[in-house]
Amino acid sequence: MNILIIAGAVSLIILICFFFLFALYSLLEKEKRAFWRSSIVFLFLIIISIIFFLAEAPLKNWLFGTAFILLILDLVILVLSPLKRKSTEIVGGQNKVDERDVIFARFEYMEGAETYEEYYGRRPEYKKIDDEIRKFPDILSHPHLEKNLLLSALASAEFDFLEHQLTQVSGRESREKSQLPPSENTRIIKKIIKYLGSDHCGICLLNQAYVYSHVGRGPEHYSEEIKLEHKYAIVFALEMDLGIVASAPKEPVIVETGRKYVEAAKISIIVTNFIRRLGYPARAHIAGSNYQAMLPPLAWLAGLGELGRLGILITSKFGPRARLGLITTDLPLVADKSKKLGIQNFCQKCKKCAKNCPAQAIPYEEKVEENGVMRWVINREECYKFWRKAGTDCAVCIYVCPYSKSDNAFHNFIRIMAQNSSAAQSLSVWADDFFYGRIPLRRKSPLR
Ligand code: SF4
Ligand code: SF4
């Protein structure tokens, strides 16, 4: 057999194996459209391979030679288009964000209440839009409640549980201090967090720009200045179930959100208690109304991912399909570095979240400067208004994001390619639409 035929046959076998694996993974992931389309490509490759084998020389040589050259050309294009990775740029001074301005805080100020009068007296620019949103029923309340009483009750029970944990988030540290070196403390903390349920954890210095300036909600006094002077932030991510997120924007999503926040609270509370027993101050920041700092920028600094077009963190393992947990402490630790993962380059090409957002709250345009950071700024009011209309926390953008695919060998291979090659990113954006759909099909949640 001549060398061209062997090279061509190997090229075809590589492609056949790739599409076989694609179809197999799609079947396991219950991705019907991707399964059928990858299976068709797989069968097509088998058929043309048979035709090539049956052809007579010199046509046979020519056909296999062409297959080989095409594969080599593709590889050359992928390799010769290295990605100049861009990441979040800090372009100016960053002021602390006031928690009272955070959308979830604003909707705790009831008309007629002192907080309402104080807040909108100071920030009249938000009054009109917020009052308009207040006309829609609150999430997990009547009449949303009636759509799925069981799941709504379950989500409410999860969030009630979180509120009951607020007394556990801080406490006095032991007098005796552990004298382990920072590297050992870091190893132990990451190991414990992994044991408790998160294997995606990072550490950064607690940048004061990401600590809220004033209390906006929760058990502490409204408007009180927040003093959080711990040196380190430990941030971790918990994967949300893809099968449930795939039902977005339906009720199961908020149940899954609540479940992950409960897990994050459990990890944070146990680890902070552990750190205090080692003689160092520590505070758990748990969902509901207990954060004293902003998690996405801290998670970025800690190397967990990058801020995406959809306005939240895209983690390197689970994409945006994750919930974050935070611990702040003075325990001596070794900080990780933020990473350039090429995610923001991908977002520049992709825009799938913007196209699928039912509220059209995600920008199609380039990043803009907000508080000294170049980022995509979503229309938070339009987003939250949709949540109130839907009765859940939506998550359509999280589901459709190509980075939300499962954390497995097949998708990790694609992620590595996209992290290193501009052409691979363009191909992935196109392939995601072709195989999964521009508007990916929603799935029936296993919780229904
Ligand atoms: S869907 Fe695309 S544009 Fe949106 S966050 Fe994900 S990768 Fe970025
Ligand atoms: S959560 Fe829903 S409404 Fe909000 S930005 Fe994402 S897709 Fe749009």
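Attention in this report is confined to the structure presented alongside it.

1. Notes on the overall build of the protein
Part 1 of the argument: When you go through the protein residue by residue, the secondary structure sums to 18 helices and 9 strands.
Part 2 of the argument: Against the compact-globule benchmark of 22 Å for 448 residues, the protein has a radius of gyration of 25 Å, which places it among compact chains.
Part 3 of the argument: Taken over the C-alpha atoms alone, the protein extends approximately 85 × 55 × 40 Å along its principal axes.
Part 4 of the argument: Taking the contacts inside the protein whose residues are at least 6 apart along the sequence as the reference set, 77% of them involve residues at least 24 apart.
Part 5 of the argument: For the protein, the computed accessible surface area is about 21800 Å², with 63% contributed by carbon and sulfur atoms.
Part 6 of the argument: Between the mean site of the 59 positive side-chain charges and the mean site of the 48 negative ones, the protein shows a separation of 6 Å.

2. Overview of the site of ligand 2
Part 1 of the argument: In the vicinity of ligand 2, the residues found are Cys357, Pro358, Ala359, Ile362, Cys383, Trp387, Cys394, Ala395, Val396 and Cys397.
Part 2 of the argument: Among the elements of the structure, α15 (380-390) and α16 (396-400) are those that each provide at least two residues to the shell around ligand 2.
Part 3 of the argument: For the shell around ligand 2, the per-class residue count stands at 10 nonpolar, no polar and no charged.

3. Details of the side chain of Gln165
Part 1 of the argument: Along the chain, the position of Gln165 falls in the loop between α8 (149-164) and α9 (182-196).
Part 2 of the argument: Looking at Gln165, its side chain comes within polar contact range of the main-chain oxygen of Phe161, at 3.2 Å.
Part 3 of the argument: Apart from residues lying up to four places away in sequence, Gln165 is in contact with Ile269 and Ile286.

4. Regarding the nonpolar core
Part 1 of the argument: Core analysis: the biggest nonpolar cluster contains 46 residues, and Leu310, Ile314, Ile362, Tyr384 and Tyr399 have the highest contact counts within it.
Part 2 of the argument: Taken together, the elements giving at least two residues each to this core come down to α6 (127-134), α8, α10 (242-245), α11 (251-277), α13 (343-350), α14 (352-356), α15 and α16.
Part 3 of the argument: Once residues lying within four places of it in the same chain are set aside, the contact partners of Ile362 are Arg309, Leu310, Cys353, Ala354, Cys357, Ile378 and Cys397.
Part 4 of the argument: Of all hydrophobic cores here, the second largest spans 37 residues; its members include Tyr212, Val235, Ile286 and Ala293.

5. Examining the sheet that holds strand β4 (residues 282-285)
Part 1 of the argument: Strand order across the open sheet formed by 4 strands is β2-β3-β7-β4, with antiparallel pairing between neighbours. Edge positions in the sheet fall to β2 (201-205) and β4, since each has one partner strand and no second. Averaged over all adjacent pairs, the angle separating strand axes in this sheet is 20°, with direction ignored.
Part 2 of the argument: Bridging between β2 and strand β3 (residues 232-239) involves 5 bridges; their strand directions are antiparallel. When the bridges of β3 are listed, Cys201 appears paired with Phe236.
Part 3 of the argument: Most of the contacts of α9 go to β2, to which it runs at about 140°, and overall it touches β2, β3 and β7 (322-329).
Part 4 of the argument: Running at roughly 20° to β7, α11 makes contact with β3, β4 and β7 of the sheet.

6. What to know about the packing of aromatic side chains
Part 1 of the argument: Applying the stated criterion across every chain, the model contains 27 aromatic pairs.
Part 2 of the argument: Ring centres 5.7 Å apart and planes at 40° place the aromatic pair Phe104 and Trp387 in the tilted group. One end of the pair, Phe104, is in helix α4 (residues 103-106); the other, Trp387, is in helix α15, with 283 residues separating them in the sequence.
Part 3 of the argument: By relative accessible area, which is 35% here, Phe104 ends up partly exposed.

7. Points about the packing of α9 against α11
Part 1 of the argument: For the pair α9 and α11, the least separation of the axes is 10 Å and the interaxial angle reads 145°. Between α9 and α11 lies a crossing whose hand is right-handed. For the pair α9 and α11, the contacting residues are Ile188, Ile189, Ile192, Ile193 and Leu196 in the first and Lys266, Ile267, Ile270, Val271, Phe274 and Ile275 in the second.
Part 2 of the argument: A class-by-class count of the residues in the contact of α9 with α11 yields 10 nonpolar, no polar and 1 charged.

8. Notes on the packing of helix α1 (residues 3-28) against helix α3 (residues 59-79)
Part 1 of the argument: Two elements in contact, α1 and α3, have axes separated by 7 Å at closest approach and are oriented at 50°. For the element pair α1 / α3, the angle class is oblique. Considering the relative orientation of α1 and α3, their crossing is left-handed. From α1, Leu4, Ile5, Ala7, Gly8, Ala9, Ser11, Leu12, Ile14 and Leu15 reach across to α3, where they touch Lys60, Asn61, Phe64, Gly65, Ala67, Phe68 and Leu71.
Part 2 of the argument: A breakdown of the residues in the contact of α1 with α3 according to their chemical character gives 11 nonpolar, 4 polar and 1 charged.

9. Quick look at the site of ligand 1
Part 1 of the argument: Every residue near ligand 1 is listed here: Arg309, Leu310, Ile314, Phe346, Cys347, Cys350, Lys351, Lys352, Cys353, Cys401, Pro402 and Tyr403.
Part 2 of the argument: Per element, the largest residue contribution to the shell around ligand 1 is 3 residues, and it comes from α13.
Part 3 of the argument: Class assignment of the residues belonging to the shell around ligand 1 gives a composition of 9 nonpolar, no polar and 3 charged.

Rules behind the numbers
- Residues numbered from 1 in each chain as written.
- Chains lettered and ligands numbered in written order.
- Predicted model: local features only at pLDDT ≥ 70, side-chain atom pairs only at ≥ 80, totals over all residues.
- Heavy atoms only, no water.
- Helix = DSSP H or I, 4+ residues; strand = E, 2+ residues; numbered from the N terminus.
- Rg over C-alpha atoms; globule rule 2.2 N^0.38 Å.
- Contact = heavy atoms within 4.5 Å.
- Areas by Shrake-Rupley, 256 points an atom, 1.4 Å probe, with all protein chains shown as cover.
- Lys, Arg positive; Asp, Glu negative; His and termini not counted.
- Charge placed at Lys NZ, Arg CZ, Asp CG, Glu CD.
- Near = heavy atom within 4 Å.
- Nonpolar A, V, L, I, M, F, W, Y, C, P; charged D, E, K, R; others polar.
- Polar contact = N/O pair within 3.5 Å; in protein donor to acceptor, adjacent residues only side chain to side chain.
- Core = buried A, V, L, I, M, F, W, Y, C linked by side-chain atoms within 4.5 Å.
- Buried < 20%, exposed > 50% of the residue type's maximum accessible area, 1.4 Å probe, protein only.
- Pairing = 2+ DSSP bridges.
- Axes fitted to C-alpha atoms, helices over the stretch in contact; angles between N-to-C directions.
- Phe/Tyr/Trp six-rings, centres within 6.5 Å; stacked < 30°, edge-to-face > 60°.
- Left-handed = near helix turned anticlockwise from the far one by under 90°.
- Parallel < 35°, antiparallel > 145°, perpendicular 65-115°, else oblique.

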